Amino acid sequence: MSQREFVVNQSDPFYIATKTVFDNWTALQLAVSNEFAGSETKEIAEWLLNATYQWIVETGDLEDDELEEFLFNTMNNEFNTIIEDNSCMQLSRLLLGYYGLYKANRIQELHDELMKRYSLAQGSIQASQKFKTEQDTSSEESANEDNDVEMDELVKPKNELSEQDAQNFEQVDEGWTFVAKSGKKLTK
């Protein structure tokens with residue numbers, strides 16, 4: 001008797017929840033955007049998403065520490081990224097909580113939870129864009145005032161470290177990235 005191959009259903013509510021969580025995981029998105037796994041980084045991230053979804057669905061009673069270890073080891077081995085911000089633990093608990101809602105057929109509650117959690121992120125992005133637009137307008141009106149703040153300072157990238165922040169990081173082996181609790185990264 002042959003074993004049936006698992007097929008990922010991208011319209012499945014739990015798959016959508018898993019994808020949403022991964023799409024908003026800062027460490028993974030930094031690894032993907034900076035190609036920490038080389039030229040195949042996006043494919044590996046897609047594999048991680050599908051493997052996580054499949055493992056949770058097929059197992060049905062996965063423990064959060066098992067999933068946490070899998071996420072931690074995958075980020076370490078595949079993306080050369082050491083995660084020390086507890087995000088693997090947080091994600092594993094979140095995903096398994098979402099799976100519990102899914103398994104109990106509480107799809108509307110799952111949807112509401114996703115909207116509540118991730119619409120806040122969208123709201124922050126929109127507020128940031130509105131703030132930037134307002135600053136552009138006010139900068140033009142008061143360009144000659146001494147107390148104007150440079151736009152570069154206001155829109156400083158999150159992952160750009162000040163010298164003081166950089167000194168607070170541990171030295172890491174070449175090619176590895178250290179993600180601290182503050183969410184900042186340092187690549188050597």
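Refer to the structure presented above.
Residues numbered from 1 in each chain as written. Predicted model: local features only at pLDDT ≥ 70, side-chain atom pairs only at ≥ 80, totals over all residues. Heavy atoms only, no water.

Student: Teacher, can you tell me more about helix H3 (residues 41-59) here?
Tutor: Residues separated by three or four positions in an α-helix point in the same direction, a consequence of the helix having 3.6 residues per turn. Over its 19 residues, H3 extends 26 Å from the first C-alpha to the last, a length consistent with the 27 Å expected when each residue adds 1.5 Å. For H3, the full list of buried residues reads Thr41, Ile44, Ala45, Leu48, Leu49, Asn50, Ala51, Thr52, Tyr53 and Ile56. Taken together, the buried residues of H3 touch helix H1 (13-23), helix H2 (26-33), helix H4 (64-79) and helix H5 (87-103). Looking one or two residues beyond H3, the residue adopting positive phi is glycine 60, at roughly 80 degrees. (Helix = DSSP H or I, 4+ residues; strand = E, 2+ residues; numbered from the N terminus. Expected span 1.5 Å × (residues − 1). Buried < 20%, exposed > 50% of the residue type's maximum accessible area, 1.4 Å probe, protein only. Contact = heavy atoms within 4.5 Å.)

Student: How do you make sense of H4 when you look at a structure like this?
Tutor: With 16 residues, H4 extends 21 Å between its outermost C-alpha atoms, agreeing within 8% with the 22 Å of an ideal straight helix rising 1.5 Å per residue. Where H4 is concerned, the buried positions are Leu67, Leu71, Thr74, Met75, Asn76 and Phe79. Turning to H4, the residues buried within the fold contact H1, H2, H3, strand S1 (81-83) and H5. Phi turns positive one or two residues past the end of H4, at asparagine 80, with a value near 50 degrees.

Student: Please explain the packing of aromatic side chains as it appears in this structure.
Tutor: Two numbers describe a pair of aromatic rings. These are the distance of the centres and the angle of the planes. Summed over the entire model, instances satisfying the criterion amount to eight aromatic pairs. Judged by centre distance (6.0 Å) and plane angle (75 degrees), the rings of phenylalanine 22 and tryptophan 25 are edge-to-face. Each member of the pair phenylalanine 22 and tryptophan 25 is classed as buried. Clustering of aromatic rings is evident, with ring pairs tying together Phe14, Tyr15, Tyr53, Tyr99 and Tyr102. (Phe/Tyr/Trp six-rings, centres within 6.5 Å; stacked < 30°, edge-to-face > 60°.)

Student: What is the right way to look at a negative patch on the surface in this model?
Tutor: A cluster of acidic residues, Asp61, Glu63, Asp65, Glu66 and Glu69, forms a negative patch on the protein surface. Position of aspartate 65 relative to the elements: it lies in helix H4. (Patch = residues over 30% accessible without salt bridge, like charges linked within 9 Å, V, L, I, M, F, W, Y side chains within 5 Å. Areas by Shrake-Rupley, 256 points an atom, 1.4 Å probe, with all protein chains shown as cover. Salt bridge = Lys/Arg side-chain N within 4 Å of Asp/Glu carboxyl O. Lys, Arg positive; Asp, Glu negative; His and termini not counted. Charge placed at Lys NZ, Arg CZ, Asp CG, Glu CD.)

Student: Teacher, can you tell me more about the nonpolar core here?
Tutor: Soluble globular proteins: nonpolar side chains tend toward being buried together. If you look at the biggest cluster of nonpolar residues, it comprises 34 residues, and the most contacted ones within it are Trp25, Leu28, Phe79 and Tyr98. For this core, the secondary structure elements donating two or more residues are H1, H2, H3, H4, H5 and helix H6 (107-141). By residue number, the principal contributor to this core is H5, which donates eight residues. In this structure, tryptophan 25 is in contact with Leu48, Leu71, Met75, Ser87, Cys88 and Leu91, ignoring residues within four places of it in sequence. (Core = buried A, V, L, I, M, F, W, Y, C linked by side-chain atoms within 4.5 Å.)

Student: Help me understand unusual backbone geometry, please; the structure alone is not making it clear to me.
Tutor: Generally, phi is negative for residues other than glycine and the peptide bonds are trans, each holding for most cases. In the Ramachandran plot, glutamate 35 falls in the positive-phi region, its phi being about 50 degrees despite a non-glycine side chain. Mapping glutamate 35 onto the fold places it in the loop between H2 and H3. The residue asparagine 86 is not glycine, and still its phi comes out positive at about 65 degrees. Assignment of secondary structure puts asparagine 86 in the loop between S1 and H5. With a relative accessible area of 36%, asparagine 86 lands in the partly exposed category.

Student: Please explain the side chain of aspartate 85 as it appears in this structure.
Tutor: Topologically, aspartate 85 is positioned in the loop between S1 and H5. In this structure aspartate 85 comes out as buried when scored by relative accessible area, which is 17%. Only 2.7 Å separates the side chain of aspartate 85 from the side chain of serine 87, close enough to count as a polar contact. (Polar contact = N/O pair within 3.5 Å; in protein donor to acceptor, adjacent residues only side chain to side chain.)

The values are spatial; any link to function lies outside them.
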